[in-house]
Amino acid sequence: MRRLFQSGRSSDKDCIEDLRFYPTACGQDILNRAQSVKGGKVELLYTYIDVEPVVFNRGFYTVDMRFFYHVTLNAYCACPRPVEVEGLCVFDKRVILFGSEGNAKIFSSRVRIDGMDRQMLERSNMPIAVVEAVDPILLDAKLVECCESRCCDCDICEIPPCVCQCFGGELTMGDDCRRAFVTLGQFSIVKLERESQLLIPMYDYCLPCKDCTNGCGGSGCEDPCELFQNISFPVDEFFPPNSLNTPCDYEGTKQYCNCRK
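Note that the structure is a prediction, hence the values are computed from the model and not measured. (Residues numbered from 1 in each chain as written. Predicted model: local features only at pLDDT ≥ 70, side-chain atom pairs only at ≥ 80, totals over all residues. Heavy atoms only, no water.)

Peer 1: Just checking my understanding: could you explain the confidence of the model for the chain for this structure?
Peer 2: Where the model shows low pLDDT, its predicted coordinates should not be examined in detail. On average, residues of the chain carry a pLDDT of 76, and 64% of them reach 70 or more. For the chain, per-element mean pLDDT is lowest for helix 5 (residues 250-260), which scores 56, and highest for strand 3 (residues 60-76), which scores 92. (pLDDT = per-residue confidence, 0-100. Helix = DSSP H or I, 4+ residues; strand = E, 2+ residues; numbered from the N terminus.)

Structure (structure tokens):
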């Protein structure tokens, strides 16, 4: 039997400050005329994960993650009613976890209804990274002029197509316009999982060798007194032990304390 087991885990609480906000083309025009922005809502769209072994530390792996967020800000222009501006935020993170070692090559076959039943490609039993995350909390938002810069102010080279389709227009990443920065609070769990062999003992069927009859009138009925003679005398019921062992588990301790009341 094969199952997955967890070999490394990291529970993190990240406060991401001054994360650049990449609005749509329509949203950039609104930010250029806005007097201030306030936080709205944020949604985690996608997480890219890459696992690489640590060269000088056997059994450890680096997990590189890139979080893609769909952020909606409230921009305040001339009118008191805010205008919603949607855009993208990206956060990069790296952790090092222990995942053990494995050099086995795995081959298997799987039936496909619409195709040929052929052998699957070779794969290994190296650990697989899994990221569990909830939608972050939008803590702060601010507007910055184009002449100012931040430590997280960098251009994004590659955006997955599935992420681009979540926005109503094309994203803008120019440097000659006003920029917005947000601060997010992210809770996440990063873990390494790998397949492991689980051995389960197997036993043959045990068939009864005697027939069981109901009632005592038949010739095959055993004598009840003979059955009683085979039972050992309950010595412990008449002679209680000299000392009591203190229980160690939860249920035993609870019953022990109830008996002493």
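Peer 1: Which parts of the structure should I look at to understand the pairing of strand 3?
Peer 2: Looking along a regular strand, one sees the side chains alternate between the two faces of the sheet. Across the 17 residues that make up strand 3, a large majority, 13, are buried. Across 15 bridges, the pairing between strand 2 (residues 36-53) and strand 3 is antiparallel. By the bridge assignment for strand 3, P53 is matched with Y61. (Buried < 20%, exposed > 50% of the residue type's maximum accessible area, 1.4 Å probe, protein only. Pairing = 2+ DSSP bridges.)

Peer 1: Whenever I open this one, the side chain of T24 confuses me. Can you help?
Peer 2: Mapped onto the fold, T24 is located in the loop between strand 1 (2-23) and helix 1 (25-33). On the basis of relative accessibility, which here comes to 7%, the residue T24 falls in the buried class.

Peer 1: Explain the packing of aromatic side chains to me, please; I cannot follow it from the model alone.
Peer 2: Aromatic ring pairs are defined here through the distance separating the ring centres and the angle between the ring planes. For the structure on display, the rule yields four aromatic pairs. Taking 5.9 Å as the distance between ring centres and 25° as the angle between the ring planes, the aromatic pair formed by F67 and F91 counts as stacked. Remark: F91 occurs in strand 4 (residues 83-98) and F67 occurs in strand 3; sequence separation between them is 24 residues. A residue is classified by how much of its surface remains accessible, and F67, at 0% relative accessible area, is buried. (Phe/Tyr/Trp six-rings, centres within 6.5 Å; stacked < 30°, edge-to-face > 60°.)

Peer 1: Sorry if this is basic, but what is going on with the side chain of H70 here?
Peer 2: If you trace the backbone, H70 turns up in strand 3. Judged by relative accessible area, H70 falls into the buried class, the value being 12%. Within the local environment of H70, its side chain forms a polar contact with the side chain of E86, the two groups lying 2.9 Å apart. If we ignore the near neighbours within four places in the chain, the residues touching H70 are K41, V42, E43, L45, E86, G87, C166 and F167. (Polar contact = N/O pair within 3.5 Å; in protein donor to acceptor, adjacent residues only side chain to side chain. Contact = heavy atoms within 4.5 Å.)

Peer 1: Which parts of the structure should I look at to understand unusual backbone geometry?
Peer 2: In most cases, non-glycine residues show a negative phi, while peptide bonds are predominantly trans. Phi at D18 takes a positive value of approximately 50°, unusual for a residue other than glycine. For D18, the position within the fold is in strand 1.

Peer 1: What exactly am I supposed to notice about the nonpolar core here?
Peer 2: As a rule of thumb, nonpolar side chains are buried together in soluble globular proteins. Residues L19, F21, Y69, V71, L73, V182 and L184 are the most contacted members of the largest nonpolar core, which totals 32 residues. Of all the elements in the fold, those that place two or more residues in this core are strand 1, helix 1, strand 2, strand 3, strand 4, strand 7 (128-133), strand 8 (137-144) and strand 9 (179-197). Setting aside chain neighbours within four positions, we find V182 in contact with I16, E17, D18, L19, L73, C89, L138, D140 and A141. One finds F68, L88, V90 and L171 within the second-largest nonpolar core, a separate group that totals seven residues. (Core = buried A, V, L, I, M, F, W, Y, C linked by side-chain atoms within 4.5 Å.)

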